[in-house]
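Below, each chain spelled out in residue letters.
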Amino acid sequence: MRFIYKTDNGKLSLLNDFEPDVWVNLVQPDMEEIVETAKQYGIDVNDMKAALDDEESSRVQLEDGYTMILVDIPSAEIRNEQNAYTTIPLGILLVKNAIITVCGAETSILTHFSQNLMRGFSTKKKMRFVYQILLRTTNLYQAYLRVIDKRRAEIEHRISIDDTEDTDLIHLHELETNLVYFATSLSANRIVLERLTRYERIEQYPEDKELLDDVIVENRQAIEMTNIYRDIIQGARELVSTILNNRLNNAMKLLTCVTLIMAIPTVISGIYGMNVSSQWMPLSTTPYGFYIICGMIASICALALLILKKKKML
């Protein structure tokens, strides 16, 4: 899909055709839309398609007549039947009289602009628009990071009330996977931002450079948040694993104690069940001998239980 927007006195309009100073937003575009847009602005088709490849890395690429900025943006998805997060490329192409964005999926970052919710947004101020997109990207990273940390806190709460399950270990692994994606993409975006500080191809206003500084600070903060949350989740995952292993050890210890106690009557009854003359078996001819033997078995079992408890085996 292709949408063409233009701002005029703070009002955003949706156009039907190309005009000067417009924003061309390509969302999941087909080949015809890519070729037509590339031909209109003299852009290499392969550069237009780069943002549709999930394996493309973030970079700034200077070409004759245009500049391509490729960054990774956060995106929500369903993974293993759970809500999860990943990153996808977003291509921003700057030409003389337009700014073009290309993305393989609809994202709330660009929707924020298409609904004219960003203060000071103008399609005529291309560099400011780029920095606003990048600022919105870092803010979305931080929002998703807080959601991830909230999920981690919920799992830790279940640990504190001894309601941990095996699935908690899987959930923590999924959260850690999300943070790995975020850490990789944020580090790559940092290189792009450092490159933009030296970008002079298009005129920038002083407030634009201040906005870029804000983006760099927010991106650095997002990287720090990612590293901190990843360390915390690693600790929580180790804690859950330790608790589950401890439960298994306790269960095995209990079963061992039960087996040991049950062995006592088994051994004694086995001896008395041997096919030998009754005259050699103690208490075989004594009145109430069976009950005496049962009492002896019960006493030995009770003594064994006391010994195990004293040694903290139970």
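Our subject is the structure listed above.
Every value quoted in this text rests on a predicted model; they were computed, and no experiment measured them.

Across the 6 residues of strand β7 (residues 98-103), 6 count as buried, placing the element largely inside the fold. Side-chain alternation along β7 places A98, I100 and V102 on one buried face and I99, T101 and C103 on a second face that is also buried. In the sheet, strand β3 (residues 22-27) pairs with β7 via 6 bridges, with the strands oriented parallel. Bridge assignment links V24 to a residue of β7, and that residue is I100. As consecutive antiparallel partners, strand β6 (residues 82-95) and β7 are separated by 2 residues.

Quick look at the packing of aromatic side chains now. Inspection of every chain in the model, using the stated rule, returns 13 aromatic pairs. Between F290 and Y291 the ring centres are 5.6 Å apart and the planes differ by 75°, which places this aromatic pair in the edge-to-face class. In this pair, the class of F290 matches that of Y291, namely exposed. A connected cluster of aromatic rings, assembled from ring pairs, spans F3, Y5, W23, F113, F121 and F129.

This part covers the sheet that holds β7. One open sheet holds the 7 strands; their spatial order is β2-β1-β3-β7-β6-β5-β4, and the pairing between them is mixed. The open sheet is flanked by β2 (11-15) and β4 (59-63), the only strands paired with a single partner. The average undirected angle you get between the axes of adjacent strands in this sheet is 25°. Sheet analysis places β4 next to strand β5 (residues 66-79), joined by 5 bridges and oriented antiparallel. Across the sheet, the residue bridging to R59 is L70, located in β5. Strands β4, β5 and β6 of the sheet are contacted by helix α5 (residues 166-196), whose axis makes an angle of about 170° with β5.

Bringing unusual backbone geometry into the picture now. Positive phi values are uncommon outside glycine, yet D21 reaches one of about 60°. Structurally, D21 is set in the loop between β2 and β3. In this structure, N116 is a non-glycine residue whose phi angle is positive, near 60°. Mapped onto the fold, N116 is located in the loop between α3 (108-114) and α4 (126-160). According to the relative accessible area criterion, N116 is partly exposed, its value standing at 30%.

Reading the values: rules and limits
Residues numbered from 1 in each chain as written. Predicted model: local features only at pLDDT ≥ 70, side-chain atom pairs only at ≥ 80, totals over all residues. Heavy atoms only, no water. Buried < 20%, exposed > 50% of the residue type's maximum accessible area, 1.4 Å probe, protein only. Helix = DSSP H or I, 4+ residues; strand = E, 2+ residues; numbered from the N terminus. Pairing = 2+ DSSP bridges. Phe/Tyr/Trp six-rings, centres within 6.5 Å; stacked < 30°, edge-to-face > 60°. Axes fitted to C-alpha atoms, helices over the stretch in contact; angles between N-to-C directions. Contact = heavy atoms within 4.5 Å.

The values reported here are purely geometric and, on their own, carry no functional implication.
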